[in-house]
Amino acid sequence: SELQIERMSYRSDDRPWLTTAADSHWQMATQPLSDDPTQNNELEGLDEHQRLNQQIAQLEARLFESKQRLAKAPRIKRLTSLSTRSAIDAEYLHQWRQRVENVGNKHYPIQARRRGIEGELRMLVALESDGSIREVKILQSSGYSLLDRAALRVVYLAAPYPPFGAELATETDVLEIIRTWRFENQQMSARN
């Protein structure tokens, strides 16, 4: 995320406006510091020192709100073939992959088998700490809607997944697993 510096500036009507700078390029904000017109009117009757104190208080309130929102945001960990370094991540990923492959091979699409359709797709599966599915997204299609739908179906048939272990749960609220799903030789695999 880009570092932004904030400072106060004044328009010709002497109303305060928030100005931001990113990479030393100052830009005028398009709205007054406060969205509440009564607060902006209150600032008009104050001397410069009081006005500055009021503006600082408003900025501090915004900063506090931003920190509160950030504290509530889920801690997301993304596992790809390159990012799986810890033994805990690797073990969870191994168990997840075994489960998905077992279900996928039991429910391999019959039409694909009959017609000899093979392919691979890249998919993201996001899991909550209790093992429930938060999100599933195909990042790169196989080119066959039959295989794409089969992969999605397998993810939901294999759910719920095991809850995160205590160590993984202490640092992660949502686990995003990105894998390439292969449908070939009448078998399904979810690998790097």
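In case you missed it, the structure is sitting above this.
A short tour of the structure in this document, coming up. Remember, it's a predicted structure, so these values are computed and weren't measured experimentally.

**Here we look at the overall build of the protein chain**
The helix and strand inventory of the protein chain stands at 6 helices and 8 strands. Counting from the amino terminus, the protein chain carries its helices and strands in the arrangement β-β-β-α-α-β-α-α-β-β-α-α-β-β. Looking at the protein chain residue by residue over its 192 residues, the buried ones come to 34%. Partitioning the contacts of the protein chain with sequence separation of at least 6, the portion at a separation of at least 24 is 60%.

**Thoughts on the packing of aromatic side chains**
As enumerated under the stated definition, the model contains 4 aromatic pairs in all. With 6.3 Å between their ring centres and 40° between their planes, Trp96 and Tyr161 make a pair best called tilted. Residue Trp96 is found in helix α3 (residues 87-106), and its partner Tyr161 is found in the loop between α5 (145-158) and α6 (166-171); the two are separated by 65 residues along the sequence. We note that Trp96, like Tyr161, is buried. Every member of this aromatic cluster is reached through a ring pair, and the members are Trp96, Tyr161 and Trp181.

**Notes on α5**
Given a rise of 1.5 Å per residue, 14 residues ought to cover 20 Å, and the 20 Å separating the end C-alpha atoms of α5 matches this to within 8%. By the burial criterion, the buried members of α5 are Leu146, Leu147, Asp148, Ala150, Ala151, Val154, Val155 and Ala158. Where α5 is buried, its residues contact α3, α4 (110-115), β5 (119-128), β6 (133-140), β7 (174-184) and β8 (187-191).

Criteria and thresholds
- Residues numbered from 1 in each chain as written.
- Predicted model: local features only at pLDDT ≥ 70, side-chain atom pairs only at ≥ 80, totals over all residues.
- Heavy atoms only, no water.
- Helix = DSSP H or I, 4+ residues; strand = E, 2+ residues; numbered from the N terminus.
- Buried < 20%, exposed > 50% of the residue type's maximum accessible area, 1.4 Å probe, protein only.
- Contact = heavy atoms within 4.5 Å.
- Phe/Tyr/Trp six-rings, centres within 6.5 Å; stacked < 30°, edge-to-face > 60°.
- Expected span 1.5 Å × (residues − 1).

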